[in-house]
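# Topology and contacts: notes
Each chain, letter by letter, is given below.
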Amino acid sequence: MKLDRVIAVRNNKTVYRDEDLCVKVFDTDYSKADVLNEALNQSRIEETGLNIPKIREITMIDSRWAIVSDYISGKTLAQLMQENPDKADEYLELFVELQISVHDMNAPLLNKLKDKMNAKIQAAPLDATTRYDLHTRLEAMPKHHKVCHGDFNPSNIIMSDNGTAYIIDWSHATQGNASADAARTYLTFWLAGDISGADKYLELFCKKSDTAKQYVQKWLPIVAASQLSKGKENEREFLLSWVNVVDYE
């Protein structure tokens, strides 16, 4: 296996291309359980019939775990949005439709979103009273079983050379409430500094999915606390301001 063509570098992992294969190699200190859980998530999503790269192998390379899957030739939706600003609305519409197609699926063996969110809230650097309020809010949310990507953003959509959209990076996938997934995407736009894009996204998602905007907004403190648990100091003050806001207009 040739690892001389780097196509992406992320925290704790590097992604290579080897002909028609994509090789994601994790650092030596990366949890084996997390690697295997990511592969398991992706395998369960494969079974839904969504367009995603298929896993070909899970192996070790120089004492590091690696997931080998199909390489999809094309550009990410984020790249296309940047290169073709005149088509921004068209791309955003496609983006939302793809997310709704994910939410239309069921994968009953995926971990539950509420369980993951409860664990993230507990791990967040928040006082006990705030954590209690967030746990209570989460418990009150309707229990759904839709597939949620967990990090649905334009850089995780690859438009292949033949025009087919593929959704990648299923490490955060769960089953649960689609509005939580939408709130996470909205937060991602904000953290990237694209406030206008965040607002356009939310308007379009709510319109196409026939969801009340207020319903998605009720998830914002919860997803902000989830992100806060990652310990990124440059996001801390901003996320705390969202966690401490009880209701959004």
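## Remarks on the pairing of strand 4 (residues 55–61)
Both strand 4 and strand 5 (residues 64–70) contribute to a ladder of six bridges, which runs antiparallel. What sits directly across from E57, in strand 5, is V68. Here strand 4 folds back onto strand 5 in antiparallel fashion, the turn holding two residues, of which D62 has a positive phi close to 50°.

## A look at the packing of helix 6 (residues 178–191) against helix 7 (residues 195–209)
Here helix 6 crosses helix 7 at 160°, and the two axes come no closer than 7 Å. Classed by the angle they form, the pair helix 6 and helix 7 counts as roughly antiparallel. Relative to helix 7, the crossing made by helix 6 is right-handed. Along its contact with helix 6, which presents A178, A182, T185, Y186, F189 and W190, the element helix 7 presents I195, G197, A198, D199, Y201, L202 and F205.

## A short note on the pattern of salt bridges
Summed over the entire model, instances satisfying the criterion amount to eight salt bridges. Measuring nitrogen to oxygen at the nearest pair gives 3.2 Å for the salt bridge that ties E93 to K208. Here E93, found in helix 3 (residues 88–103), pairs with K208, found in helix 7; they are 115 residues apart in sequence, far enough to count as distant. Assessed through its relative accessible area of 35%, E93 is described here as partly exposed. In this structure K208 comes out as partly exposed when scored by relative accessible area, which is 34%.

## Notes on the side chain of T174
In this structure, T174 sits in strand 10 (residues 174–176). Not counting residues within four places of it along the chain, the set of residues in contact with T174 comprises L110, N111, K112, L113, K116, K146, V147 and C148.

## Overview of unusual backbone geometry
Phi at E19 is positive, roughly 60°, even though this residue is not glycine. Phi at S63 is positive, roughly 70°, even though this residue is not glycine. Tracing the backbone through its elements, the reader meets S63 in the loop between strand 4 and strand 5.

## A closer look at the sheet that holds strand 6 (residues 74–76)
Read from one edge to the other, the open sheet built from three strands follows the order 6-8-9, with strand pairing classed as antiparallel. Two strands in the sheet have a free side with no partner beyond their single neighbour: strand 6 and strand 9 (165–167). Mean inter-strand twist for the sheet, computed between neighbouring axes without regard to direction, equals 30°. Pairing of strand 8 (residues 157–160) with strand 9, which is carried by three bridges, proceeds in the antiparallel orientation. Pairing of M159 across the sheet is with A165, part of strand 9.

What counts and what doesn't
- As a convention, each chain's residues are numbered from 1 in the sequence order in which they are written.
- Thresholds applied to this predicted model are a pLDDT of at least 70 for local features of residues and 80 or more for the giving and counting of side-chain atom pairs; totals over whole chains, interfaces and linings are not thresholded and use all residues.
- The basis for the side-chain values is all heavy atoms of the structure; hydrogens and waters are excluded.
- For two strands to be treated as a pair, DSSP must find no fewer than two bridges joining them.
- Working definition: helices are DSSP H or I runs of at least four residues, strands are E runs of at least two. Numbering for both runs from the N terminus.
- Fitted lines through C-alpha atoms serve as axes, helices being fitted only where they are in contact, and the angles separating the N-to-C directions of these axes extend from 0 to 180 degrees.
- Each angle receives one of four descriptions, namely roughly parallel if under 35 degrees, roughly antiparallel if over 145, roughly perpendicular if within 65 to 115, and oblique otherwise.
- The hand of a helix crossing depends on one turn: near helix anticlockwise from the far one by less than a right angle means left-handed, and clockwise means right-handed.
- The contact definition used throughout considers only heavy atoms, calling two residues in contact when any of these lie within 4.5 Å.
- The salt bridge criterion pairs a side-chain nitrogen of Lys or Arg with a carboxyl oxygen of Asp or Glu, the two atoms within 4 Å.
- Relative accessibility under 20% of the residue-type maximum defines a buried residue, over 50% an exposed one, and the middle range a partly exposed one, all with a 1.4 Å probe and only protein chains included.

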